Amino acid sequence: MTIRRYLEQFDFILFMTIMLITGAGLMTIFSINGDDPALNDFQKQIIWVGLSLVLLLGIQFADYHTVIRRLTPLLYGCVIFLLIYLIVRGQLESGVRRWIQIPFVNLRIQPSEFAKVFTVLMLARHMERWAGKKPGLMQMGIPCLIVGVPLVLIAKQPDLGTAMVLPLVMITMIFAAGFRVKTLMILGLCAVVSGFLVGRSVLKPYQVQRITAFINPEADPLGAGYQVIQSKIAVGSGGISGKGFQRGSQSHLKFLPVQNTDFIFAVWAEERGFLGSFFLLVMYGLLVARILKAARKSQNYFAVYTCIGIMSIFFSQIIINIGMVTGLMPVTGLPLPLMSYGGSGCLASFLALGIVFNIGIRSFPSY
Amino acid sequence: MLFPIVLLLLIIRLFNLQVVHYETYAEKAHSNRTRYVRDRAPRGRIIDRNGVLLAATKPSFSLYITPEDFPFERREQVFDRLGRILNVPAESIKKRYSDTQTASFRPRKITGNLTHESVVRIESSRYHLPGVSIEAEYVRSYPFKNTLCHVLGYVGEISRAELQTDTFRHYRMGDVIGRSGIERTMEHLLNGRDGYRWVEVDATGRQGFTLRYPEPVQAIPGSEVQLTINLELQKACESFLEPWKGSIIVMDPQNGDILAMASRPEFDPNLFATGITSADWNLIINCPDNPLLNRAIQFEAPPGSVFKAITAIAAMKTGDVTSNSSYTCAGVFNFSNNRFHCWHRPGHGNLNLISAMECSCNIFFYQAGLKTGIDKIASTARDFGLGAITGIPLTGEKPGLMPDRDWKRRAFNDDWWPGETISVSIGQGGVITTPTQIATMMSKIANRGTLYKPRLVSGYTEQASRNTILFEPGIKSNMPDFKHWDTIIDSLEKVVKGSRGTARRLRMREMTLAGKTGTAQVISLNALQRMGYDSEDDVPVHWRSHGWFAGFGPVDNPEVVIVVFIENAGKEGGREKFTIARNVLHKWYELTKPGYFGPEPDMMEDLYDN
């Protein structure tokens, strides 16, 4: 009886959208792996997607409002602990401390991926107290703290791309909560000033280089601008219908950098052409729209803010990643949600979407 | 809201990249993944008549820069770095790069013959040298160094002006072409056609499969050219000629094959193979003896008494002199207020043609020449190939000069004086010839009438098909109606055999020999006396007379013609030429007659003669 009601509310369109995007990601990873049988990224990713699906469906049995909402501080605390652990004791891998090796199993997790989701939950839990009233400037302190702690820790790894997502998410959520013009202006000013300070002191030389390269990629075609140039060539040479499965010369001859994570969209665009990339963008549009739909029909502030937050995680990552691949934004090193290779990213995305489904099936239209 | 607008922006961007600018990016992707690779065709080898390798190719490394892979902003940096590695000014590399015009995908050659160390240093700093590549190529090498250098010639890089010409339209900047000698004249055979193909490369430049389109073109190696030269004989000739300046030619009178062609001093053609350094070039070009000169074809000297054979033939042809005609030599001949001396002041007495040839009497030939007339002498000389290029396949052959009435009219707008005929009839008075002309002349006498074009290249072998194409001997003229060969050849044989023969020191046990000596005055004796040089020993080297010997043997069935020419021989060289000719003939005998073990000691008196 209850199950049937849940099933009626289950968003099958969103589910199909997720499956299609994930499928496109798997296909692309398979295409890249075709060159080198020793690489088993595709098999690993299949397992990750399987586990993620189990997580997505499994989480439906726990009421978000009672279970997830109550567990939020604990989850947030755990992820902050892991981030601190990374800074203190993390293994330096190619210049960054991003992964934690899980003992006894050959697995690594990336806490920053989960940090995004739990920060959103934490923010939502805090913001529900405002109960629909427009927040004043004095009320910004705690949200800034909730976002600031993981932001600094992630920026320290350093992982500027992921860190960048957090303030964007916060601003979107506060925007959704309603705002006073004065509040937003001051927040914006703070962002510019801190951004400038961070830019001066925290940015590594390679990060500065990436930004210069973004402004004028041809200045150093074999250096920092290389990735953008090659990525644009890959996308552009795909044409209308693409070069075909496993036919992308830019990706298969390794002109394209980090193809199965940050630049996976370029591989897809090269092999599938404009039709393929248009399809994918429409799918992402649908994804975002369906998350917003869940927000709209939900019945409490926690649910609304959570959906908005999760929507903005996806939204900002999609924009930043595709913007980067097409040369509209600087290279920041951010994966494309549901497409890029990576277990933590996949799990975190499905977890976030699981929460959206959870909210969706428990929001009944008022009879 | 914001969201659909941003999404639309992204879609517009993708449309712009993938649909509007598709062509641009497709082209970039294509040039990313493809590389133009040139397959070098080795230059054809040159071998001697027995197959000994005279000019080979050996691998070497060259430095190239491909414009399309050469980022504009980093050029200065790359030039600097290359300059440091190669130890040359960065400016010169830059100049070389900008002077070379190629399509942007085609590598431009910067320098060749890299040292092993440079190769290693360039390869190891690959990342800092975008667009720079090293290619294995072939360079010319001459294993016997100076030996036969004038005949082989040398190679050099093609010039910009040459590239514009039609002959070299399929050549590229940086290609090597023959600059002189056989290398130049056989360029069309020796030069292979480079092949090319497009290969797929990955981001690290590793080459993958060859693309089917544009279609690959196979390299065609240059043909192997076979010379008529016998290397052993050549080496011997060059060593016998030392320390003199001059030339030796050994020729087969039955087909015109050049068996040896020596010219001293010589140079090392290997110096040119990789681009001669200015120090080496200055050394060669400033040497007063001019080692680059191939004296066999480029030195024009009066033939002296060797020419008496021509005067004799002309006189007998016209019937002005018969085997019975005789003149008396009293040591001096008066002709219109001028006194013409015989080289033998006491005089030779009464002589017929054979005895006059034997002792090389001037007076006899003065009178024979006067009677025959300059025009007949000149036309006979031309029939024997004098005063014109022989057509030997070498660069820079000089024609020499056979003066006559017409020439005098054209050159000086003046009449021919009979006194000039007197000088011409003993091979002076403006007659100049090259040693090669004398060799072809003597061959015509030896084979009784056939003038051959000297043959240096017997044929070539195409490397792809292994087809060998042989060149026929080139006959330039015949003399079927001349009846007095026996008399002429007898007289020349007498020069060696006769007791008064001027070449009697050349008498050999091994074979009968016929020939003629010659002493060519560089400056008239009167002029020397006026300058106060009484004894020949006082005369400065560059005014000393040249020494000639031209002969053939065996007399009955001639197999070999030899010409020895010694520049500024003077008295000493005039004696030395016989020793040289004897040594060459012995060597020839040793090389062609199996079971022969060298000459027996010959007891000949040491005489200086004309």
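Just so you know, these numbers come straight off a predicted model, no measurement behind them. (Residues numbered from 1 in each chain as written. Chains lettered and ligands numbered in written order. Predicted model: local features only at pLDDT ≥ 70, side-chain atom pairs only at ≥ 80, totals over all residues. Heavy atoms only, no water.)

A closer look at the overall build of chain A
- When helices and strands are tallied, chain A shows 14 helices and 2 strands.
- Relative to the compact-globule value of 21 Å for 367 residues, chain A shows a C-alpha radius of gyration of 21 Å, a close match.
- Seen through its principal axes, chain A has C-alpha atoms that stretch 55 × 50 × 45 Å.
- Expressed as a percentage of its 367 residues, the buried residues of chain A come to 54%.
- Contacts spanning at least 24 positions in sequence make up 74% of the contacts within chain A whose residues lie at least 6 apart. (Helix = DSSP H or I, 4+ residues; strand = E, 2+ residues; numbered from the N terminus. Rg over C-alpha atoms; globule rule 2.2 N^0.38 Å. Buried < 20%, exposed > 50% of the residue type's maximum accessible area, 1.4 Å probe, protein only. Contact = heavy atoms within 4.5 Å.)

Some points on the side chain of B:Thr390
Residues and elements named next belong to chain B.
- Within the secondary structure layout, Thr-390 lies in the loop between α17 (374–383) and α18 (405–412).
- Polar side-chain contacts of Thr-390 include one of 3.3 Å to the backbone nitrogen of Ile-392.
- Of note is the side chain of Thr-390, whose polar atom sits 2.7 Å from the side chain of Glu-397.
- When residues no more than four places from it in sequence are discounted, the contact partners of Thr-390 are Glu-397, Thr-436, Gln-437, Thr-440, Lys-453, Pro-454 and Lys-476. (Polar contact = N/O pair within 3.5 Å; in protein donor to acceptor, adjacent residues only side chain to side chain.)

What to know about the interface of chain B and chain A
- Each partner contributes residues to the interface: chain B has 27 residues there, and chain A has 38 residues.
- When residues of chain B are sorted by the area they lose upon contact with chain A, B:Phe3, B:Leu10 and B:Gln18 head the list and together hold 22% of the total.
- Between chain B and chain A we count 0 salt bridges in total.
- If you look at where chain B meets chain A, you find 7 residue pairs in polar contact (both at pLDDT 80 or more). (Buried area = accessible area lost by both parts, 1.4 Å probe. Salt bridge = Lys/Arg side-chain N within 4 Å of Asp/Glu carboxyl O.)

A word on the pairing of strand β11 (residues 246–251) of chain B
All names here are of chain B.
- Burial of β11 is extensive: 6 of the 6 residues sit out of reach of the surface.
- The side-chain alternation of β11 yields two buried faces, one formed by Gly-246, Ile-248 and Val-250 and the other by Ser-247, Ile-249 and Met-251.
- As paired strands, β11 and strand β12 (residues 258–264) are joined by 6 bridges and run antiparallel to one another. If you follow Ser-247 over to β12, its bridge partner there is Ser-263.
- Counted along the chain from β11 to the antiparallel partner β12, the turn is 6 residues long, and its residue Gly-256 has a positive phi close to 85°.
- Bridge analysis of β11 against strand β23 (residues 560–566) gives 6 bridges, and the strand direction is antiparallel. By the bridge assignment, Ile-248 is partnered in β23 with Val-564. (Pairing = 2+ DSSP bridges.)

Topic: the packing of helix α5 (residues 111–127) of chain A against helix α7 (residues 160–177) of chain A
Residue and element names in this part refer to chain A.
- Where α5 contacts α7, the axes come no closer than 11 Å and their chain directions differ by 20°. Between α5 and α7, the interaxial angle falls into the category roughly parallel. Crossing of α5 against α7: the hand is right-handed. Taken together, the residues of α7 that come into contact with α5 (itself represented by Ser-112, Lys-116, Thr-119, Val-120, Leu-123, Ala-124 and Met-127) are Thr-162, Val-165, Leu-166, Val-169, Met-170, Met-173, Ile-174 and Ala-177.
- For the contact of α5 with α7, a count of residues per class yields 11 nonpolar, 3 polar and 1 charged. (Axes fitted to C-alpha atoms, helices over the stretch in contact; angles between N-to-C directions. Parallel < 35°, antiparallel > 145°, perpendicular 65-115°, else oblique. Left-handed = near helix turned anticlockwise from the far one by under 90°. Nonpolar A, V, L, I, M, F, W, Y, C, P; charged D, E, K, R; others polar.)

Quick notes on the sheet that holds strand β22 (residues 546–553) of chain B
All names here are of chain B.
- Pairing is antiparallel in the open sheet, where 5 strands are placed in the order β12-β11-β23-β22-β21. The sheet terminates laterally at β12 and β21 (514–520), the two strands that pair on one side only. On average, adjacent strands in this sheet sit at an angle of 5° to one another, irrespective of strand direction.
- Here 7 bridges tie β22 to β23, and the two strands are oriented antiparallel to one another. The residue of β23 that forms the bridge with Gly-551 is Ile-562.

A word on a negative patch on the surface
Residues and elements named next belong to chain B.
- Together, Asp-534, Glu-536, Asp-537 and Asp-538 give the surface a local cluster of negative charge.
- Mapped onto the elements of the fold, Glu-536 is located in the loop between α22 (525–530) and β22.
- The exposure class assigned to Glu-536 is partly exposed, which follows from its relative accessible area of 33%. (Patch = residues over 30% accessible without salt bridge, like charges linked within 9 Å, V, L, I, M, F, W, Y side chains within 5 Å. Areas by Shrake-Rupley, 256 points an atom, 1.4 Å probe, with all protein chains shown as cover. Lys, Arg positive; Asp, Glu negative; His and termini not counted. Charge placed at Lys NZ, Arg CZ, Asp CG, Glu CD.)

Section: the domain arrangement of chain B
Residue and element names in this part refer to chain B.
- For chain B, the domain assignment lists domain 1 (31–203 + 213–227) and domain 2 (231–460 + 472–592).
- Each partner contributes to the interface: domain 1 provides 32 residues, whereas domain 2 provides 29 residues.
- Both faces considered, domain 1 and domain 2 share a buried interface measuring about 2600 Å² in area, 66% of it formed by carbon and sulfur atoms.
- Contact with domain 2 buries area across many residues of domain 1, yet Asn-146, His-150 and Tyr-154 alone supply 24% of it, more than any other trio.
- In this assembly, domain 1 and domain 2 are joined by 1 salt bridge.
- Notably, a salt bridge pairs Asp-257 with Arg-49, separated by 3.7 Å at the nearest N-O pair.
- The interface formed by domain 1 and domain 2 holds 12 residue pairs in polar contact (both at pLDDT 80 or more) in total.
- For the side of domain 1 that touches domain 2, the secondary-structure elements that each account for two or more residues are β5 (132–141), α6 (149–152), α8 (181–185) and β10 (224–227). (Domains from an automatic or database assignment.)

Topic: the side chain of B:Glu162
Residue and element names in this part refer to chain B.
- You can see Glu-162 is positioned in helix α7 (residues 160–164).
- Reaching out from Glu-162, the side chain makes a polar contact with the side chain of Arg-179 at a distance of 2.8 Å.
- If we skip the residues at most four places from it in the chain, Glu-162 touches Phe-168, Ile-177, Arg-179 and Arg-184.

Section: the pattern of salt bridges
Residue and element names in this part refer to chain B.
- Summed over the entire model, instances satisfying the criterion amount to 42 salt bridges over all chains.
- For Glu-137, the salt bridge is made with Arg-40, and the minimal N-O distance between the two is 2.7 Å. Pair noted here: Glu-137 is in strand β5 and Arg-40 is in the loop between β1 (34–39) and β2 (46–47), with a separation of 97 residues, a long-range link. Exposure class is identical for Glu-137 and Arg-40. Each is buried.
- The partner of Arg-382 in a salt bridge is Asp-404, with the nearest N and O atoms 3.1 Å apart.

Remarks on a nonpolar patch on the surface
Residues and elements named next belong to chain A.
- Among the surface-exposed residues, Ile-3, Leu-7 and Phe-12 lie close enough to one another that they form a single nonpolar patch of about 320 Å² accessible area.
- Relative to the helices and strands, Ile-3 is located in helix α1 (residues 2–9).
- The exposure class of Ile-3 is exposed, given its relative accessible area of 56%.

Some thoughts on the packing of helix α12 (residues 264–297) of chain A against helix α13 (residues 301–325) of chain A
All names here are of chain A.
- In the contact formed by α12 and α13, the axes pass within 10 Å of each other and the chain directions differ by 165°. Judged by the inter-axis angle, α12 sits roughly antiparallel to α13. Remark: the crossing between α12 and α13 carries left-handed chirality. Contacts from Phe-265, Ala-266, Leu-281, Tyr-284, Leu-287, Val-288, Ile-291, Leu-292, Ala-294 and Ala-295 of α12 reach α13 at Val-304, Cys-307, Ile-308, Ile-310, Met-311, Phe-314, Ile-318, Asn-321, Ile-322 and Val-325.
- Here the contact of α12 with α13 is built from residues that sort into 19 nonpolar, 1 polar and no charged.

Remarks on unusual backbone geometry
- At the junction of A:Gln157 and A:Pro158, the peptide bond is cis and its omega measures out at -5° in the coordinates.
- Of note, the bond from B:Glu242 into B:Pro243 is cis; its omega dihedral lies within 30 degrees of zero at 0°.
- Here B:Pro243 is to be found in the loop between α10 (231–241) and β11.
- Backbone geometry at A:Leu338 places phi at a positive 70°, although glycine is not the residue there.
- Mapping A:Leu338 onto the fold places it in the loop between α13 and α14 (343–361).
- What makes A:Leu338 buried here is its relative accessible area of 10%.
- Phi is positive for B:Asn113, which is not a glycine, with a value near 55°.
- The topology assignment puts B:Asn113 in the loop between β4 (108–111) and α5 (116–124).
- The exposure class assigned to B:Asn113 is partly exposed, which follows from its relative accessible area of 40%.

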